[in-house]
Amino acid sequence: FSVYIAALLAALWRPFADSKKLLIIGSRVLAVILFISLTISGVSEWIVYYNLDKDSVQMNLSSPMVAWIEKNTDATDVFLTAPYSMNTFFLSGRSSYYGHPYYAWSSGYDTEARMAIYSQLLTGCNGDLNAFRALCKQENISYVLIDNDLLNQTDFTVNQTFFSGNLAQAANFPGENNAIIYKVS
């Protein structure tokens, strides 16, 4: 692709010999503008490439929460969690009911319908324990994991009082983003 752009710039710089002076000046001005804009875009892409490995994500590979989940839950259990894209929770190998929706959405899944159910679950089905348990059973959800990531979501309302007042606390991990795990049934 670069060879073709270079050929275009060279052609603009050296137009045909019988071209009028105004056309020669215009083509050279266009060549300079294209050269400068292509150089700037190339430099900006180089900066992005250079900075790709500057940020890092750290996960606690010996997380007490993950160890507890692996020891005390079945491999098929589904957790109601924050919409994580990456979190220590995933090291447990357990499923999250509603993770980051981009991956499912880009594969063609109906994420809007699941988001509506997810929103309803986070409110505790508007405080109705029986409806909440029935919906969890329908969606195969065994545990609720509430942490700071979930509580700080601006897109969803979490009724933390409902969960602490109606569900049995299975585990608590203050050092892991204030994570609390509740058993649904």
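See above for the structure.
*Asks:* Could you give an account of the overall build of the chain, with specific residues and numbers?
*Replies:* Each helix and strand counted, the chain has nine helices and five strands in total. Tracing the chain from N to C terminus, the helices and strands come up as α-α-α-β-β-α-α-α-α-β-α-α-β-β. Its C-alpha atoms give the chain principal-axis dimensions of roughly 85 × 35 × 25 Å. Put simply, of all contacts in the chain between residues at least 6 apart along the chain, 57% involve residues at least 24 apart. With an accessible surface of roughly 12100 Å², the chain has 57% of that area assigned to carbon and sulfur atoms. Side chains of the chain carry 11 positive and 15 negative charges; the gap between the two charge centres is 11 Å.

*Asks:* Can you tell me about the pairing of strand β4 (residues 168-173), naming the residues and giving the values?
*Replies:* Sheet topology places β4 next to strand β5 (residues 179-183); five bridges connect them, and they run antiparallel. Opposite alanine 171, over in β5, you have isoleucine 181 as the bridge partner. The hairpin turn running from β4 into β5, its antiparallel successor, is five residues long, and asparagine 177 in that turn takes a positive phi close to 65°.

*Asks:* Give me the lowdown on unusual backbone geometry, citing residues and values where you can.
*Replies:* Phi is positive for asparagine 126, close to 60°, though the residue is something other than glycine. Residue position: asparagine 126 is located in helix α6 (residues 124-127). If you check the backbone angles, asparagine 178 has positive phi at about 55° while not being a glycine. Relative accessible area serves as the criterion here: at 40%, asparagine 178 is assigned to the partly exposed category.

*Asks:* Quick rundown of the nonpolar core? Include the residues and the values.
*Replies:* Formed by 36 residues in total, the largest nonpolar core has its most connected members in Phe132, Val144, Leu145, Phe163 and Ile181. With five residues, strand β3 (residues 141-146) is the largest single contributor of residues to this core. For phenylalanine 132, the contacting residues outside a window of four places in its chain are Leu121, Gly124, Cys125, Val144, Phe162, Phe163, Leu167 and Val184.

*Asks:* Provide a residue-level description of the state of the cysteines, including the pertinent values.
*Replies:* Here the structure, examined in full by the defined rule, presents zero disulfides. Not part of a disulfide, cysteine 125 finds its nearest cysteine sulfur in cysteine 136, a span of 7.0 Å.

*Asks:* Could you give me a rundown of a nonpolar patch on the surface, with the residues and numbers involved?
*Replies:* Taken together, Trp13, Val32, Phe35, Ile36 and Ile40 make up a surface patch of nonpolar side chains, about 500 Å² in accessible area. With four residues, the single largest contributor to the nonpolar patch is helix α2 (residues 21-51). Mapping tryptophan 13 onto the fold places it in helix α1 (residues 2-13). Overall, tryptophan 13 belongs to the partly exposed group, its relative accessible area being 39%.

*Asks:* So what about the packing of aromatic side chains? Which residues, and what values?
*Replies:* For the coordinates displayed, the defined rule picks out 15 aromatic pairs. Taken together, a centroid distance of 6.1 Å and an interplanar angle of 85° make the contact between tyrosine 84 and phenylalanine 90 edge-to-face. For phenylalanine 90, a relative accessible area of 33% gives the class partly exposed. Here the basic side chain of arginine 28 rests over the ring of tryptophan 13, its NZ or CZ set 4.8 Å away from the ring centre. The ring of tyrosine 97 is capped by arginine 114, whose NZ or CZ atom sits 4.0 Å from the centre of that ring.

Rules of the game
- Residues numbered from 1 in each chain as written.
- Predicted model: local features only at pLDDT ≥ 70, side-chain atom pairs only at ≥ 80, totals over all residues.
- Heavy atoms only, no water.
- Helix = DSSP H or I, 4+ residues; strand = E, 2+ residues; numbered from the N terminus.
- Contact = heavy atoms within 4.5 Å.
- Areas by Shrake-Rupley, 256 points an atom, 1.4 Å probe, with all protein chains shown as cover.
- Lys, Arg positive; Asp, Glu negative; His and termini not counted.
- Charge placed at Lys NZ, Arg CZ, Asp CG, Glu CD.
- Pairing = 2+ DSSP bridges.
- Buried < 20%, exposed > 50% of the residue type's maximum accessible area, 1.4 Å probe, protein only.
- Core = buried A, V, L, I, M, F, W, Y, C linked by side-chain atoms within 4.5 Å.
- Disulfide = S-S within 2.5 Å.
- Patch = residues over 30% accessible without salt bridge, like charges linked within 9 Å, V, L, I, M, F, W, Y side chains within 5 Å.
- Salt bridge = Lys/Arg side-chain N within 4 Å of Asp/Glu carboxyl O.
- Phe/Tyr/Trp six-rings, centres within 6.5 Å; stacked < 30°, edge-to-face > 60°.
- Lys NZ or Arg CZ within 6 Å of the ring centre and 35° of its normal.

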